[in-house]
Amino acid sequence: MKRWIKWTAGGALLLGVVVVATATSGLYLAEQKRNRYIDIKPRPVAYTTDAQTIERGRYLYASRGCTDCHGAQGTGREFVNDGKGTRIVGPNITPAGVVARYQPEDWNSVIRHGVKPNGRPLLVMPSEDYNRFTNDDLNALVSYVRQFKPQEGTQAVVELPRPAWVLYGLGAIPDAAARIDHQLAPSRPVPAGVTVANGQYVANMCIGCHGADLSGGKIPGGPPDWPAAADIRPGANSAMARYPNAASFVAMLRTGKRPDGTPIQVMPFESLGQLSDVDAKALYLFLTAPGALAKAGGAGAGVGHAPASGEVGLNDGVADAHLVRVEQPQGSQHRPSNVPSVSSGLRMPG
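Computed from a predicted structure; not experimentally measured.

S.K.: Give a detailed account of the packing of helix 4 (residues 104-113) against helix 6 (residues 135-145), specifying residues and quantitative values.
M.R.: It is at 11 Å that the axes of helix 4 and helix 6 come closest, and there the two elements cross at 110 degrees. In terms of orientation, helix 4 and helix 6 fall into the roughly perpendicular class. Taken as a pair, helix 4 and helix 6 cross one another with a handedness that is right-handed. Together, Trp107, Asn108, Ile111 and Arg112 of helix 4 and Asn135, Leu138, Leu141, Val142 and Val145 of helix 6 make up the contact between the two elements. Of the residues belonging to the contact of helix 4 with helix 6, the class tally is six nonpolar, two polar and one charged.

S.K.: Please provide a residue-by-residue account of the nonpolar core, values included.
M.R.: Proteins that are soluble and globular tend to have nonpolar side chains buried together. Core analysis: the biggest nonpolar cluster contains 23 residues, and Phe249, Leu275 and Leu287 have the highest contact counts within it. Among all residues touching leucine 287, those that are not within four sequence positions of it are Leu214, Ile232, Arg233, Pro234, Met240 and Phe249. With 22 residues, the next largest nonpolar core counts Ile54, Leu122, Phe133 and Val142 among its residues.

S.K.: Any details on the pattern of salt bridges? Residues and values, ideally.
M.R.: Throughout the structure, instances matching the rule amount to 12 salt bridges. The partner of glutamate 55 in a salt bridge is arginine 58, and the shortest N-O contact between them spans 2.9 Å. Linking glutamate 55 with arginine 58, this pair stays in helix 2 (residues 51-63), spanning three residues, or about one helical turn. With relative accessibility at 34%, the residue arginine 58 sits in the partly exposed group. In this structure, glutamate 78 and arginine 87 form a salt bridge, with 2.6 Å as the shortest nitrogen-oxygen distance. Judged by relative accessible area, glutamate 78 falls into the partly exposed class, the value being 39%.

S.K.: Lay out a nonpolar patch on the surface with the relevant residues and their values.
M.R.: A cluster of nonpolar side chains, contributed by Tyr28, Leu29 and Leu170, occupies part of the molecular surface with about 290 Å² of accessible area. Structurally, tyrosine 28 is set in helix 1 (residues 2-34). When its relative accessible area of 53% is taken as the criterion, tyrosine 28 is described as exposed.

S.K.: Before we move on, can you summarise the confidence of the model for the protein with the specific residues and values?
M.R.: Per-residue pLDDT for the protein has a mean of 82; in total, 77% of the residues score no lower than 70. Below pLDDT 50 for its whole length, residues 297-316 participates in 60 contacts with residues either more than four positions away or in separate chains. Every residue in residues 329-350 is under pLDDT 50, and counting partners more than four places away or in other chains gives 61 contacts.

Procedures and definitions
Residues numbered from 1 in each chain as written. Predicted model: local features only at pLDDT ≥ 70, side-chain atom pairs only at ≥ 80, totals over all residues. Heavy atoms only, no water. Axes fitted to C-alpha atoms, helices over the stretch in contact; angles between N-to-C directions. Helix = DSSP H or I, 4+ residues; strand = E, 2+ residues; numbered from the N terminus. Parallel < 35°, antiparallel > 145°, perpendicular 65-115°, else oblique. Left-handed = near helix turned anticlockwise from the far one by under 90°. Contact = heavy atoms within 4.5 Å. Nonpolar A, V, L, I, M, F, W, Y, C, P; charged D, E, K, R; others polar. Core = buried A, V, L, I, M, F, W, Y, C linked by side-chain atoms within 4.5 Å. Buried < 20%, exposed > 50% of the residue type's maximum accessible area, 1.4 Å probe, protein only. Salt bridge = Lys/Arg side-chain N within 4 Å of Asp/Glu carboxyl O. Patch = residues over 30% accessible without salt bridge, like charges linked within 9 Å, V, L, I, M, F, W, Y side chains within 5 Å. Areas by Shrake-Rupley, 256 points an atom, 1.4 Å probe, with all protein chains shown as cover. pLDDT = per-residue confidence, 0-100.

In structure tokens form, the structure reads like this:
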């Protein structure tokens, strides 16, 4: 009996040591990962004041999730606070905020690639959803945001429990920059319409939560009590089976409720409700298309919003950014930038 007690106590002690060592290692690796230097050479965004382009940018800002994190006026907002240690605040992106000194290439780096102007990864930015933007759509979105009036607002805050930082450090929760192919060419334009091609382009906004292949699963970086994202690929086990037609699917986007009246949690309905009927129906068509047509591992690869007459696509089909290297911070190595690096600690700007 005494020997059994000793073995049990010894095993518990060893397990405790392993847990502490793993946690310590995870926190150290998290610090290294969030301060790693990602050297990309993004193409500059073309600024414009063209009314049609600005209107397209307004629509993208309202319908692609930007308002959920940055607010309708771009002044920032708290969008996650579970009272259990997870609190996330989107920053002010008016000219009085974090973007004040952005250069044309910085917008591309942040939005498409999840990389700050100083070369470090953004911790909470769904850039995988925006990486497939056409050059014209990226230009439109940035041009619209640059029209915001300077206003006081919030600073970015990312507060996570220590276990979440451990998982981040160990690679279980990757940031957007780690999931993106930074040398992938932007999507090529496709005319707006209720088509599979347009729906494939719109579906890129689903990648961050539902995964590159839209198979669903635990939402990366989400609080532990968040439900898993649904599998929205075609098939018997797909959540899309609940929607017998486009009208029922569009109604869900507008109301946040399933056809049986039950509410859906977590989904960004403030933005989804702003999708046009054309884009919403096209998305339904793509998500219910048979077989290979609805595989979104490259959702939007090769398609996107067609430029209106008079607009010029910039380098469509050409690699958007040249990834030079990714490395851990070493001494004074840094990418020249007017944006300061984040301070150390577990409470970090995103």
